Amino acid sequence: MLVLVVDSSTPAVTAALAEVSADGVALRASRCTVDARAHGELLAPQVDAVLADVGARPAALAAIVAGLGPGPFTGLRVGLVTAATMGQVLGVPTYGVCSLDGLGHPAAVGEPVLAASDARRREIYWAVYDGAGQRLAGPEVAAPAVVAERARELAVTVAVGDGAHRYADVLGLPVRDEPRYPDPLALARLAAPRIRAGAPGETLTPLYLRRPDAVAATGHKPVLP
């Protein structure tokens, strides 16, 4: 089964195609561009590009997997709206995976690991995974110093992700070079049991974890003296 994977929860805009079979999951094509200001401009062309890479048309897709975040409001919704719209138009199921799982799961190799992405406002989105890649805590958003304390409590020995790189001095943990952004192959693998089982498609509910910066006005300012 050919599956489209999209993630726009970080500055990395990612589209990929994975083949899900009874024996495993293989990555067939992938595009990733790091640009925090161009999610809307980049994602659709990257979806077209990965389909062209394998000579497939959208009708060949059996499912769509989307990273649910956490992530900033504007960027994250680009991936989720794209996935939901394509799923509806093509009549295929959509499945959501926590984007931090795409960092922590592939990085877990027998020791607790902290996965962190930049949340702006001098905060990070974070989660902790055990040595088998199972999530122990999170996803949450907090200041790096708060996360450092929680990581010590959970005996974390290493960190991954762009947020970990950005605040490595505060976290006080060794930081692996990769994965820096959610791994599309990991996202596909985490959704694979649902895909193989033909589970019903899911509503793609974003993990914003906090309110957007822009909010609607609650009242009107008087214009007359």
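For the structure itself, look to the data block above.
Residues numbered from 1 in each chain as written. Predicted model: local features only at pLDDT ≥ 70, side-chain atom pairs only at ≥ 80, totals over all residues. Heavy atoms only, no water.

### Digging into the overall build of the protein
For the protein, the helix and strand inventory stands at seven helices and nine strands. At 18 Å, the protein has a C-alpha radius of gyration in line with the 17 Å of a compact globule built from 225 residues. By its C-alpha atoms, the protein is 65 × 50 × 30 Å across when sized along the principal axes. Classification of the 225 residues of the protein by burial places 47% in the buried group. Looking at the protein alone, contacts between residues at least 24 apart form 62% of all its contacts between residues at least 6 apart. A total of about 10900 Å² of accessible surface is found on the protein, and carbon and sulfur atoms cover 54% of it. (Helix = DSSP H or I, 4+ residues; strand = E, 2+ residues; numbered from the N terminus. Rg over C-alpha atoms; globule rule 2.2 N^0.38 Å. Buried < 20%, exposed > 50% of the residue type's maximum accessible area, 1.4 Å probe, protein only. Contact = heavy atoms within 4.5 Å. Areas by Shrake-Rupley, 256 points an atom, 1.4 Å probe, with all protein chains shown as cover.)

### Quick notes on the side chain of Ser117
With respect to the secondary-structure elements, Ser117 resides in strand β6 (residues 113-118). Judged by its relative accessible area of 4%, Ser117 falls in the buried class. Excluding its chain neighbours within four sequence positions, the residues that come into contact with Ser117 are Thr10, Pro70, Leu100, Ile124, Tyr125 and Gly163.

### Section: the packing of aromatic side chains
Going through the model one piece at a time under the given rule, you end up with one aromatic pair. Pairing Phe73 with Tyr208 gives two aromatic rings, centres 4.8 Å apart and planes at 40°, and the pair type is tilted. You can see Phe73 sitting in helix α2 (residues 73-90) and its partner Tyr208 sitting in the segment after α7 (184-197), a full 135 residues away along the chain. Look at Phe73 and you get partly exposed, because its relative accessible area is 30%. (Phe/Tyr/Trp six-rings, centres within 6.5 Å; stacked < 30°, edge-to-face > 60°.)

### A short note on unusual backbone geometry
Each neighbour pair has its own omega, and for Gly69 with Pro70 the value is 15°, a cis peptide bond. Here Pro70 shows up in the loop between β4 (61-67) and α2. Backbone geometry at Arg120 places phi at a positive 65°, although glycine is not the residue there. Despite not being glycine, Arg121 has its phi angle at roughly 50°, a positive value. Tracing the backbone shows Arg121 in the loop between β6 and β7 (124-129). Accessibility expressed as a relative area gives 47% for Arg121, which makes it partly exposed.

### Concerning the pattern of salt bridges
In the structure shown here, the tally under the stated rule is nine salt bridges. Arg166 serves as the salt-bridge partner of Asp118, at 3.3 Å between the closest nitrogen and oxygen. With Asp118 in strand β6 and Arg166 in helix α5 (residues 162-166), this residue pair connects regions lying 48 residues apart in the sequence. Classification of Asp118 by relative accessible area gives buried; the value is 16%. A salt bridge links Glu202 to Arg194, with the shortest nitrogen-to-oxygen separation between them at 2.8 Å. (Salt bridge = Lys/Arg side-chain N within 4 Å of Asp/Glu carboxyl O.)

### Remarks on the packing of helix α1 (residues 39-53) against α2
Contact geometry for α1 and α2: axes closest at 9 Å, N-to-C directions at 35°. In the crossing of α1 with α2, the sense of the turn from one axis to the other is right-handed. From α1, His39, Gly40, Leu43 and Val47 reach across to α2, where they touch Gly75, Val78, Gly79, Thr82 and Met86. Here the contact of α1 with α2 is built from residues that sort into four nonpolar, five polar and no charged. (Axes fitted to C-alpha atoms, helices over the stretch in contact; angles between N-to-C directions. Left-handed = near helix turned anticlockwise from the far one by under 90°. Nonpolar A, V, L, I, M, F, W, Y, C, P; charged D, E, K, R; others polar.)

### A look at α1
Each full turn of the α-helix corresponds to 3.6 residues, which orients residues three or four apart in the same direction. With 15 residues, α1 ought to run about 21 Å at 1.5 Å a step, and its terminal C-alpha atoms sit 21 Å apart, in line with that. His39, Leu43, Gln46, Val47, Ala49, Val50 and Leu51 are the residues of α1 that are buried. As for α1, its buried residues are in contact with β1 (2-7), β2 (12-20), β3 (25-34), β4 and α2. A positive phi of about 65° marks Gly55, the residue just after α1. (Expected span 1.5 Å × (residues − 1).)

### Notes on the pairing of β4
Most of β4 sits inside the fold, with six of its seven residues counted as buried. Strand direction decides the pairing type here: β1 and β4, joined by five bridges, are parallel. Across the sheet, Val5 pairs through a bridge with Val65, a residue of β4. By the bridge criterion, four bridges tie β4 to strand β5 (residues 94-97) in an arrangement that is parallel. In the strand pairing of β5, Gly67 is matched with Val97. The parallel pair β4 and β5, bridged by α2, forms a crossover whose chirality is right-handed. (Pairing = 2+ DSSP bridges. Right-handed = clockwise from strand over helix to strand, strands pointing away.)

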